[in-house]
Every structure is written in C-alpha cells, then in structure tokens.
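Listed below, chain by chain, are the residues.
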Amino acid sequence: MEYLLFTYPNCDKCEAFKEKLKELPLEGREIDLVRKEGKARLREFLAYVRRDERGAIVLPLFIVLNEGRVEVALNTLEELEAWLKSRA
C-alpha cells in the first residue's frame, strides 16, 4: 500500500496533511501540482477529484493505492482519521 498526496504550495490544508502523514507508518510521495509532471499524474485520478462551488480542485488530494488500485481518495484530516479508524 502506498499513497500519493497532491498538493499546491502555500496551501495551509496541504501543509497540515503533510505534518499528519509524518506521524503515520505509511509510505508514499507528494506530488506538486505546480509542476507539469504533477498535473499529468493528476489526470490519472480525475474520477477522484472533488471540486468546489467555483470548479476549483479541492486540495489536498490523498490517494491510497493498494496493488495499483485506488483504495480511497480523501481531502481532509477528518476523512483521514475516519479512514485510519476503519482500518484499525
């Protein structure tokens, strides 16, 4: 199981999510959506992208992959906590 965390610079929610992930025994990587490669990688997961009322992508986007398949897609620390509890 691995994760991908899609983020944007100067995003307070993204920074908080990254700090929480440091406490967890999960392996994965952050993908910066400012970079062309990050935007290209995000296209693989468009079905899991949430948008706000203006159509902007809700960040951070935390994708957990299990054997190459999406197990869960989350956007908030509350969703992360609930997911972690469901796995305990």
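Everything below is about the structure printed above this text.
The present account deals with the structure reproduced in this document.

Conventions adopted
Residues numbered from 1 in each chain as written. Predicted model: local features only at pLDDT ≥ 70, side-chain atom pairs only at ≥ 80, totals over all residues. Heavy atoms only, no water. Core = buried A, V, L, I, M, F, W, Y, C linked by side-chain atoms within 4.5 Å. Buried < 20%, exposed > 50% of the residue type's maximum accessible area, 1.4 Å probe, protein only. Contact = heavy atoms within 4.5 Å. Pairing = 2+ DSSP bridges. Helix = DSSP H or I, 4+ residues; strand = E, 2+ residues; numbered from the N terminus. Axes fitted to C-alpha atoms, helices over the stretch in contact; angles between N-to-C directions. Arc of directions from axis to C-beta. Phe/Tyr/Trp six-rings, centres within 6.5 Å; stacked < 30°, edge-to-face > 60°.

A closer look at the nonpolar core
No. 1: Counting residues in hydrophobic clusters, the biggest one holds 14 residues, and the most contacted among them are L4, F6, L42, F45, L61 and I63.
No. 2: Those residues in contact with L42 that sit more than four places away from it in its chain are F6, L33, V49, I57 and L61.
No. 3: Residues F17, L74, L80 and W83 belong to the second largest nonpolar core, which totals 11 residues.

Observations concerning the sheet that holds strand β4 (residues 69-74)
No. 1: Across the sheet, which stays open at both edges, the 4 strands sit in the order β2-β1-β3-β4 with mixed pairing between neighbours. With partners counted over all chains shown, the strands left at the sheet margins are β2 (28-32) and β4, one partner each. If you compare each strand with its neighbour and ignore which way they point, the axes differ by 20° on average.

Quick notes on helix α1 (residues 12-22)
No. 1: All of the buried residues in α1 are C14, F17, K18, K20 and L21. Taken down its axis, α1 places every buried residue within 160° of arc, on the same side. For α1, exposure combined with an orientation more than 90 degrees from the buried face picks out D12 and K22.
No. 2: Turning to α1, the residues buried within the fold contact β1 (2-7), β2, β3 (61-66) and α3 (77-87).

A look at the packing of aromatic side chains
The way to describe two aromatic rings as a pair is by their centre distance and the angle between their planes.
No. 1: A full pass over the atoms with the stated rule returns 3 aromatic pairs.
No. 2: Through pairs of rings, three or more aromatic residues link up here, namely Y3, F17 and F62.

Examining the environment of V58
No. 1: Checked against the element boundaries, V58 lands in the loop between α2 (36-42) and β3.
No. 2: For the pair V58 and T76, spaced 18 residues apart in the sequence, the C-alpha separation amounts to 9.5 Å.
No. 3: Those residues in contact with V58 that lie beyond four places of it in its chain are R50, R51, D52 and N75.

Considering unusual backbone geometry
No. 1: Cis geometry is found at the peptide bond from L59 to P60, where omega equals 0°.
No. 2: Within the fold, P60 resides in the loop between α2 and β3.
No. 3: One non-glycine residue with positive phi stands out, namely N10, at about 60°.
No. 4: Here N10 is to be found in the loop between β1 and α1.
No. 5: For N10, a relative accessible area of 78% puts it in the exposed group.

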